[in-house]
Amino acid sequence: MGVTIEIGLPGQTEADALAVPVARPPHGLGGEGGRIVDEKLRGRLARLTSSGELRGDPGEALVLHLDGELETPRVVAVGIGDRDRVDLDVLRTAGAAAAEALSRIGGTVCWLLDETLPLSLADQARALVEGTILGGYSPGLWKTQDDRRPRAIERIVLGHFDTQELREAADRAAVVAERTNRARDLANMPPNELYPASLAEHAVELAGEHEHLTAEILGPGEIDALGMGALAAVGAGSRNESRLIVLRYEPPAPTRPDLVLGLVGKAITFDSGGLSLKPGAHMEDMKGDMAGGAGALHGMGAVAALGLPVRAIAVLAAAENLPDGNAFRPGDILRAANGKTIEIINTDAEGRLVLADALWYARREGATHVLDVATLTGAMELALGDLYAGLFANDVEWRDRIVAAGERSGDLVWPFPLHQRYRRYVDSTYADMKNASLLRQGSPVLAAKFLEEFAGEGPWAHIDMAGPGFFERSRGDYLRVPGGTGYGVRLIAELAAGLA
Ligand code: BES
Ligand code: MN
Ligand code: ZN
């Protein structure tokens, strides 16, 4: 936490390294700044390019030690690919590559902006700041030897003269990226440390950081009293009690007092599958099954930290899915808070159950525009991999807004159908619906049709982020380490900014 952002001409601020974006030939050093730097270096960057040692590929970073040629002791040459194809993600990747190349020293990096790139200076600032912060993230918080842990950049200087636009873009990006890293911390926390009650404590702490943010925590007694039979059942097999975690953000002067953004997050702190036990391989990654909840929580934190004039409520359904004598079973029929009955086919389809009651609660508390985020189905990851999440929505305008916010923020989403004739996938012989099907078809849309039954009146969208929410391995761009990705934080901040 707490990266310092400054804006100032390179040479007028101290830094441990000057970061110079380098494109692929023939326009490697296109901008004026890059050319001046290379003149002072007597053409060393150009020679590295012509020798093929520096290709200018996105993600590439090469550190050179200097001998007084510039005010900084180092230059880090950072690839940005083909100059005319540079976009926000390419610069995020450049930021992250520099952070990684400098991860043995940390300190201050000064970024050279480039007025010849096909991106505004504000967008360049945004992406470089975000990438530098996300790329400096380390999941090894539990390593006891300090020298095994990389050092993150502490201060970022944007090498340009100061404008309000540039400053605002850079500051906003820093806030959102740091919140994203905090969501990653939550997803990476082991399930013996992060369980529903400790996640609730995090929410209470977060609320304490912001004037207009409040937290309310509901325990098993309140969950039962509200008739939330679906949420209650999922947590029944664990000695770690369930929690419904509610955050409310009420800014003093909302632009649209009639609009309440409702964020609903799946927060299964560990998903063993329950009695429908998962296979052992990779089960440890199911500590990340609360990544949607973490995204909603710190997305809300970002909205509050940015002071966006949008009313919002976040509802996290937190439970641990374990098998034991009290566990719910296949064959059980549950009654959700909205009165609908659910036949359990598979206890591993638990996310939709806890979300059912959380969606109902968000509506009851006045949410007008609802978005749920969840690591819901393995099939979504099979379909889209680690880059895009799947999006399902009951409203075209709401869907399009979310797609656009995803595109701008880097939390990518792709729309999937929610046709009414998929409803038969959840038809049950005994109850209003079933939570899973033995038919191995369309599992993400089946889950979405299930959730739709609890989405209430008004625009609702569901993001299945099973792929981009938690990594087994680096994606190689600006998310360079395994584990939690903070998916959702950036999208929520962007979406809320657009509603303001
Ligand atoms: N949390 C899992 C989905 C998941 C799997 C997320 C892999 C990330 C990586 C979810 O609770 C689950 O188990 N879904 C089942 C549903 C099935 C039993 C109908 C699935 O997708 O296999
Ligand atoms: Mn499951
Ligand atoms: Zn799950």
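Use the structure listed above.
A short tour of the structure in this document, coming up. What you see is a predicted model, and the numbers here were worked out from it, not measured in a lab.

### Some points on the overall build of the protein chain
Now for step 1: Scanning the protein chain for helices and strands turns up 14 helices and 19 strands.
Now for step 2: In terms of overall dimensions, the protein chain is globule-like: its C-alpha atoms have a radius of gyration of 24 Å, near the 23 Å expected for 500 residues.
Now for step 3: Taken along its principal axes, the extent of the C-alpha atoms in the protein chain is 80 × 50 × 45 Å.
Now for step 4: Counting the 500 residues in the protein chain, one finds 58% classified as buried.
Now for step 5: Nonlocal contacts in the protein chain, meaning residues at least 24 apart in sequence, comprise 77% of its contacts between residues at least 6 apart.
Now for step 6: Only carbon and sulfur atoms are counted for the fraction: they give 48% of the accessible area of the protein chain, which is about 20000 Å².
Now for step 7: Side-chain charges of the protein chain comprise 50 positive and 70 negative groups, with the mean position of each set lying 3 Å from the other.

### Section: the coordination of the manganese ion (ligand 2)
Now for step 1: Of the protein atoms, only Asp271 (OD), Asp348 (O), Asp348 (OD) and Glu350 (OE) coordinate the manganese ion (ligand 2), at distances of 2.0 to 2.2 Å.
Now for step 2: Viewed at the metal, the 6 donor atoms of the manganese ion (ligand 2) are separated by angles of 70 to 166°, and the geometry they form is irregular.

### Some details on the sheet that holds strand S16 (residues 433-434)
Note: strands within a sheet are paired through backbone hydrogen bonds, in either parallel or antiparallel orientation.
Now for step 1: Taken together, 3 strands build an open sheet; the order of strands is S11-S12-S16 and the sheet is mixed. One side of each edge strand has no neighbouring strand; the edge strands of this open sheet are strand S11 (333-335) and S16.
Now for step 2: Taken together, the 3 bridges between S11 and strand S12 (residues 341-343) define a ladder with antiparallel strand orientation. Looking at S12, one finds that Arg335 is bridged to Thr341.

### Observations regarding the site of ligand 1
Now for step 1: Not every one of the 16 residues close to ligand 1 is listed here, only the nearest: Lys278, Asp289, Asp348, Glu350 and Gly378.
Now for step 2: Taking Thr375, its main chain carries an N or O atom lying 3.4 Å from a nitrogen atom of ligand 1.
Now for step 3: Surface burial for ligand 1 is 79%, taken as the share of its 520 Å² of free accessible area covered by protein chains.

### Observations regarding the coordination of the zinc ion (ligand 3)
Now for step 1: Protein coordination at the zinc ion (ligand 3): the donors are Lys266 (NZ), Asp271 (OD), Asp289 (OD) and Glu350 (OE), at 2.0 to 2.4 Å from the metal.
Now for step 2: Each of the 6 donor atoms around the zinc ion (ligand 3) contributes to a set of angles spanning 78 to 172°, which defines the coordination as octahedral.
Now for step 3: A separation of 3.2 Å is found between the zinc ion (ligand 3) and the manganese ion (ligand 2), which share Asp271 as a coordinating residue. In this pair, Asp271 is assigned in strand S9 (residues 260-271) and Glu350 in the loop between S12 and helix H10 (351-364), connecting sequence segments 79 residues apart. The pair formed by Asp271 and Glu350 is uniform in burial state, with each residue classed as buried.

### Description of the environment of Val86
Now for step 1: Within the secondary structure, Val86 sits in the loop between strand S4 (74-79) and helix H3 (88-101).
Now for step 2: For Val86, a relative accessible area of 5% corresponds to the buried category.
Now for step 3: For the pair formed by Val86 and Gly159, sequence separation is 73 residues and the distance between their alpha carbons is 19 Å.
Now for step 4: Beyond its immediate sequence surroundings of up to four residues, Val86 is in contact with Ile80, Leu91, Leu117, Pro118 and Leu119.

### Focus: the pairing of strand S10 (residues 311-321)
Now for step 1: Judged by how many residues are buried, S10 sits mostly within the fold: 10 of 11 residues are covered.
Now for step 2: Sheet topology note: the strand S8 (residues 243-249)/S10 ladder contains 7 bridges and is antiparallel. The partner of Ile245 across the bridge, within S10, is Leu316.
Now for step 3: By the bridge criterion, 11 bridges tie S9 to S10 in an arrangement that is parallel. Bridged to Ile268 within S10 is Ala319.
Now for step 4: In this fold, the crossover linking S9 to S10 by way of helix H9 (residues 291-306) has right-handed handedness.

### Topic: the sheet that holds strand S1 (residues 4-8)
Now for step 1: A sheet is described by the order of its strands in space; here 6 strands give the open sequence S1-S6-S5-S2-S4-S3, paired in mixed fashion. Single-partner strands in this sheet number two, and they are S1 and strand S3 (61-65). On average, each strand axis in the sheet is inclined to that of its neighbour by 25°, with strand direction left out of account.
Now for step 2: Strand direction decides the pairing type here: strand S2 (residues 17-22) and S4, joined by 5 bridges, are parallel.

### As for the pairing of strand S5 (residues 107-112)
Now for step 1: In terms of burial, S5 is a largely internal element, 6 of the 6 residues being buried.
Now for step 2: Where S5 meets strand S6 (residues 153-159), 6 bridges bridge the pair, whose relative direction is parallel. Residue Leu112 lies in a different strand from S6, and its bridge partner there is Gly159.
Now for step 3: Regarding the hand of the β-α-β motif, the stretch spanning S5, helix H4 (residues 121-135) and S6 is right-handed.

### Side note on the nonpolar core
Now for step 1: Ranked by size, the top nonpolar core spans 55 residues in total, and within it Leu199, Leu247, Leu261, Leu371, Ile402 and Ile463 carry the most contacts.
Now for step 2: Ranked by the residues each element gives to this core, the list is headed by H9, at 8 residues.
Now for step 3: Ignoring anything within four residues of it in the chain, the contact list for Leu199 reads Leu186, Leu194, Ile245, Ala267, Leu297, Leu316 and Ala318.
Now for step 4: Among the nonpolar cores identified, the runner-up in size contains 50 residues, and Ile344, Met433, Leu451 and Phe454 belong to it.

Rules used throughout
Along each chain, numbering runs from 1 in the same order as the chain's sequence is written. Chain letters start at A and ligand numbers start at 1, both assigned in the order the entries are written. It should be noted that, the model being predicted, local features are given only for residues of pLDDT at least 70 and side-chain atom pairs only at 80 or more, the latter also being counted only at that level, while totals for whole chains, interfaces and linings use all residues. Side-chain measures here rest on the full set of heavy atoms in the structure, leaving out hydrogens and waters. Helix and strand labels come from DSSP, where a helix needs a run of H or I of at least four residues and a strand needs a run of E of at least two; each type is numbered from the N terminus. To get the radius of gyration, use the C-alpha atoms; to get the globule rule, take the number of residues to the power 0.38 and multiply by 2.2 Å. A simple rule labels every residue: compare its accessible area, found with a 1.4 Å probe on the protein chains alone, to the largest value its type can have, and call it buried under 20%, exposed over 50%, or partly exposed in between. Contact definition: two residues touch when any of their heavy atoms are within 4.5 Å. In this description, accessible areas are obtained by the Shrake-Rupley approach with a 1.4 Å probe, and a residue is regarded as covered only by the protein chains that are shown. His residues and chain termini do not enter the charge count, which takes Lys and Arg as positive and Asp and Glu as negative. Throughout, a charge is located at the NZ atom of Lys, the CZ atom of Arg, the CG atom of Asp or the CD atom of Glu. Because no water is among the atoms considered, metal sites can look incomplete, with donors defined as N, O and S atoms within 2.8 Å of the metal, or 3.2 Å for Na, K and Ca. When four donors show all angles between 85 and 135 degrees the site is tetrahedral, when four or six donors have opposite pairs over 155 degrees and all other angles between 65 and 115 it is square planar or octahedral respectively, and in every other case it is irregular. When DSSP finds two or more bridges between two strands, those strands count as paired. Here, proximity means that at least one heavy atom of the residue falls within 4 Å of the molecule or strand. By the criterion applied in these results, polar contacts are pairs of N or O atoms within 3.5 Å in which, for protein atoms, one can donate a hydrogen and the other can accept it, and in which residues neighboring in sequence qualify only through two side-chain atoms. Whether a crossover is right-handed depends on one test, that the path from the first strand over the helix to the second runs clockwise when the strands point away from the viewer. Structural elements are reduced to axes, namely lines fitted to C-alpha atoms, with helices fitted over the stretch in contact, and the angle between N-to-C directions of any two is expressed from 0 to 180 degrees. By convention a nonpolar core is built from buried Ala, Val, Leu, Ile, Met, Phe, Trp, Tyr and Cys residues, the set being connected through side-chain atoms within 4.5 Å.

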